[in-house]
Amino acid sequence: MSRGTDLPVLLPAADRLAERVRREREVGAPIPQLRARHGVWLAGILVFAAGVAEAQTGAAAESILTILLKWTPLLFQGFIFNLAISFLAMAGGTVVGALLGIWQISLLPPVRAGSWLITQFFRNAPWLVLLFFCMFLLPFQIKVFGLVIPLPDWVKATFGLALPVMANVSELVRGAIQSIPSGQWESAESLAFNRRQTLWMIILPQCVKRMLPPWMNLYAILTMATVLASVVGVSEVMTLTGRVLSAEGGRTDLLVPFYSYILLWFFLYCYPIARLTVRLERRFAVKS
């Protein structure tokens, strides 16, 4: 019997696959998924847009592909910066979110209520709004024992992106713990395990394989959301793309090729994560 939850991603893998099949039957068609051909389409759009742009500008102008290759090293540095922000935000959000998720099942009502409130607040807040709050509310520097530590914009952006990650990881941990049959707790209690020992030695190890696929999916979403940092002035790939376009004289024919180029990079990075997530879902499927 499937366990009730308002978040399908928190269901065990087997239940999620069954839910996917059920929805496909309801709509009468397979639910679209990310495929390798989508990347081929993106590459085709890039080549087509470059060809159209060159046809509009004429043979005298520098070719679109030449311009793309000329600025690729700079743009790639910005893309690596996006990945660094995603790593740091995911690491920080996972550590704090795991603690919040454990606290949500605490036997102490104040701890349980407080962690639930924090989780729901940041989980239902727009990511861009959280970014703006962090940019304007956090100081430019802090003093620790007389030592001045600067807080650059990218640090604030990382903190702002870590907040929704923290809330979503909290829900992943809570849902995974509650998906473990209650008999596990009762058996551990009969063996004289206390609650802490049961949680750390029996429950959480079983939760890892249930949380790993949705955790990886959350990381892919976070990676694509790092471009929001460009709105608050962080010099990542989107910000650098805008500067490159300005350096090229604001040519409108370069808009589609450049942004298609960046989109292709994100696809090539996130697509393997999506395929690995599907593979892990099948491997870690909970046998009924």
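Just so you know, these numbers come straight off a predicted model, no measurement behind them.

Novice: Would you take a moment to explain the pairing of strand 1 (residues 141–144) for this structure?
Specialist: Moving residue by residue along a regular strand, the side chains alternate between the two faces of the sheet. Taken together, the four bridges between strand 1 and strand 2 (residues 147–150) define a ladder with antiparallel strand orientation. Each residue of the ladder has a partner; that of Val 144, found in strand 2, is Leu 147. Joining the antiparallel neighbours strand 1 and strand 2 is a turn of two residues, in which Phe 145 adopts a positive phi near 55°.

Novice: Looking at this structure, I do not really get the confidence of the model for the protein chain. What am I missing?
Specialist: For any part of a model where pLDDT is low, the fine detail of the predicted coordinates should not be relied upon. Taken residue by residue, the protein chain gives an average pLDDT of 81. The fraction at 70 or more is 77%. The secondary structure element of the protein chain with the lowest average pLDDT is helix 1 (residues 13–27), at 49, and the one with the highest is helix 4 (residues 109–123), at 94. Low pLDDT, under 50, characterises residues 1–14; the stretch is placed with 27 contacts to residues that sit more than four places away or in other chains. Low pLDDT, under 50, characterises residues 24–31; the predicted model gives this stretch five contacts beyond four residues in sequence or across chains.

Novice: Help me understand the environment of Val 173, please; the structure alone is not making it clear to me.
Specialist: Topologically, Val 173 is positioned in helix 6 (residues 153–179). For the pair formed by Val 173 and Leu 100, sequence separation is 73 residues and the distance between their alpha carbons is 8.4 Å. Residue contacts for Val 173: discarding those within four places in its chain leaves Ala 98, Gly 101, Ile 102 and Met 211.

Novice: Honestly, the nonpolar core in this entry has me stumped. Any pointers?
Specialist: Soluble globular proteins: nonpolar side chains tend toward being buried together. In this structure, Leu 161, Ile 177, Leu 199, Cys 207 and Leu 222 are the most contacted members of the largest nonpolar core, which totals 33 residues. Counting residues in hydrophobic clusters, the runner-up holds 16 residues, among them Leu 240, Leu 245, Ile 262 and Trp 265.

Novice: Even after reading the chapter, I still don't get the pattern of salt bridges, so can you show me in this structure?
Specialist: Side-chain pairs of opposite charge can arise where the charged atoms are in close proximity. Enumeration according to the criterion identifies three salt bridges in this entry. Ionic pairing is found between Glu 248 and Lys 70, a salt bridge with its closest N-O pair at 3.1 Å. Here Lys 70 lies in helix 3 (residues 64–103) and Glu 248 lies in the loop between helix 9 (237–247) and helix 10 (255–283), a separation of 178 residues in the sequence. Taking the shortest distance from any N to any O, the salt bridge between Asp 253 and Arg 251 comes out at 2.8 Å. Judged by its relative accessible area of 19%, Arg 251 is buried.

Cut-offs and rules
Residues numbered from 1 in each chain as written. Predicted model: local features only at pLDDT ≥ 70, side-chain atom pairs only at ≥ 80, totals over all residues. Heavy atoms only, no water. Pairing = 2+ DSSP bridges. Helix = DSSP H or I, 4+ residues; strand = E, 2+ residues; numbered from the N terminus. pLDDT = per-residue confidence, 0-100. Contact = heavy atoms within 4.5 Å. Core = buried A, V, L, I, M, F, W, Y, C linked by side-chain atoms within 4.5 Å. Buried < 20%, exposed > 50% of the residue type's maximum accessible area, 1.4 Å probe, protein only. Salt bridge = Lys/Arg side-chain N within 4 Å of Asp/Glu carboxyl O.

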